[in-house]
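What the coordinates show
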Amino acid sequence: MEGILPVSPESSQTYRPQLPRKDWDAIKAYVLDIVDRAEPHVTYTERQLLTPVSHLVHFAYVNHIPLEDGAALSPRTVERFVQNHLASYNRASRNTIRARLRRVSEALLGDDAAGRFRALGKADASRPYSDNDISLLRAWGRSMRTDELTSSAGALLALGLGAGLTGAEIIRQRMEDVDVERATMHVTGENERVIPITGEVWTDLLRTRREVLGETGWVFRAHQRGDNINLITDFVSRTSPQIPLVTRRMRATWLVHHLNAGTPLRRLLRIAGLQSAEALDRILPFTADD
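Here goes a summary of the coordinates provided. (Residues numbered from 1 in each chain as written. Predicted model: local features only at pLDDT ≥ 70, side-chain atom pairs only at ≥ 80, totals over all residues. Heavy atoms only, no water.)

Attention now moves to the pairing of strand β3 (residues 193–196). Only one face of β3 is buried, namely the one carrying R193 and I195, since none of V194 and P196 on the opposite face is buried. From the end of strand β2 (residues 184–187) to the start of β3, which pair antiparallel, there are five residues, and G189 there has a positive phi angle of about 105°. (Buried < 20%, exposed > 50% of the residue type's maximum accessible area, 1.4 Å probe, protein only. Helix = DSSP H or I, 4+ residues; strand = E, 2+ residues; numbered from the N terminus. Pairing = 2+ DSSP bridges.)

And the structure:
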């Protein structure tokens, strides 16, 4: 997916986003109609709205959400798009894109949309998954059509829920850096570290992935290049049934597990690749009281 923040250099008549041509042909008229109706009521220009609106509507289209204002522009659809499809963007970029789409939604849906945005904003996007959520995610991972897809989906869950990797780290993780026998993995990059894999269920999924993939290669999605920041969201959005899989929620689940298990703070910061304990503030409300 193209960067959503940069201003489109084109007018609506010549603009074409980096989307599959058949998809753009299907949604173009609705996208241009939204921008045309919203622009007089917001502080953003046509050029600033075209790209974010195009990708929001495409998100609705591929997820079988009706291309009607009440559905495609609803606060819940906007939030799903931001949390799932923009997970790899930094917070400032996500907030900027969300602000533009919120203004469009509020302009076309009225005061009711503004109220629902405020209510949704109270929900923490990094809320850990419950045990029931994890069971559903595992069932989703077993529902794929091929061994490659099934083992790759299982590895995605293992890297997020069993090792607490960020989305970018999941995409870059190599099988040769995973020691299944010792239940550890070496993470390279800016926050290089060795992480213990928590839970035999996750180790077993990585063992299965190794059997399918071999001793070397990308742990998640064998034929990628390691630099597609939208790899996870694209993979999840193209599977059925649709599930609320968010890498930040998987990582939060892993962090809460360690806090509840009494993992020493310094050790947790080290294996999580965190620089300070302040980064844990957002998940402390979800830890056990005792």
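Attention now moves to empty space enclosed by the protein. Under the counting rule described, the total for this entry stands at one cavity of 30 Å³ or more. Empty space within the largest cavity amounts to approximately 40 Å³. The wall of the largest cavity is formed by E169, R172, Q173, R174, D177, H186, V187 and T188. Of all the secondary structure elements, the ones that give two or more residues to the lining of the largest cavity are α9 (167–172) and β2. Partitioning the lining of the largest cavity into residue classes produces one nonpolar, three polar and four charged. (1 Å grid on protein atoms, 1.4 Å probe; cavity = no way out; pocket = protein on both sides within 12 Å on 5 of 7 lines; lining within 4 Å. Points joined across faces, edges and corners; volume = space filled by probe spheres on them. Nonpolar A, V, L, I, M, F, W, Y, C, P; charged D, E, K, R; others polar.)

Of note in the backbone geometry, H64 takes a positive phi value of approximately 60° without being a glycine. Following the sequence through the fold, H64 ends up in the loop between α2 (46–62) and α3 (69–72).

Another aspect to go through is the sheet that holds β3. If you trace the three strands from one edge of the open sheet to the other, you get β1-β2-β3, paired in antiparallel fashion. The outermost strands of the open sheet, each flanked by one partner alone, are β1 (178–179) and β3. Alignment of β2 against β3, held across four bridges, turns out to be antiparallel. Across the sheet, M185 pairs through a bridge with I195, a residue of β3.

Moving on to the nonpolar core. Soluble globular proteins tend to pack their nonpolar side chains together in the buried interior. Counting residues in hydrophobic clusters, the biggest one holds 48 residues, and the most contacted among them are W140, L156, M185, L206 and L245. Looking at this core, the elements with two or more residues in it are α7 (131–141), α8 (147–162), α9, β2, α10 (200–213), α11 (231–237), α12 (247–261) and α13 (265–272). At eight residues, the largest contribution of residues to this core is made by α8. Dropping the residues within four chain positions of it, L245 is found in contact with N84, Y129, L137, W140, L156, L157, I232, V236 and M250. (Core = buried A, V, L, I, M, F, W, Y, C linked by side-chain atoms within 4.5 Å. Contact = heavy atoms within 4.5 Å.)

Attention now moves to the environment of T208. By the element assignment, T208 lies in helix α10. For T208, a relative accessible area of 36% corresponds to the partly exposed category. For the pair T208 and S151, spaced 57 residues apart in sequence, the C-alpha separation works out to 6.4 Å.

With that settled, consider the pattern of salt bridges. This structure, assessed with the given rule, holds 14 salt bridges. Note that E181 is salt-bridged to R210, the shortest N-O span being 3.0 Å. In this pair, E181 sits in the loop between β1 and β2 while R210 sits in helix α10, placing the two residues 29 residues apart along the sequence. Between D204 and R207 there is a salt bridge; the shortest N-O distance is 2.8 Å. Of this pair, D204 and R207 both sit in helix α10, separated by three residues, roughly a single helical turn. (Salt bridge = Lys/Arg side-chain N within 4 Å of Asp/Glu carboxyl O.)

Functional significance is not addressed by these values, which are geometric in nature.
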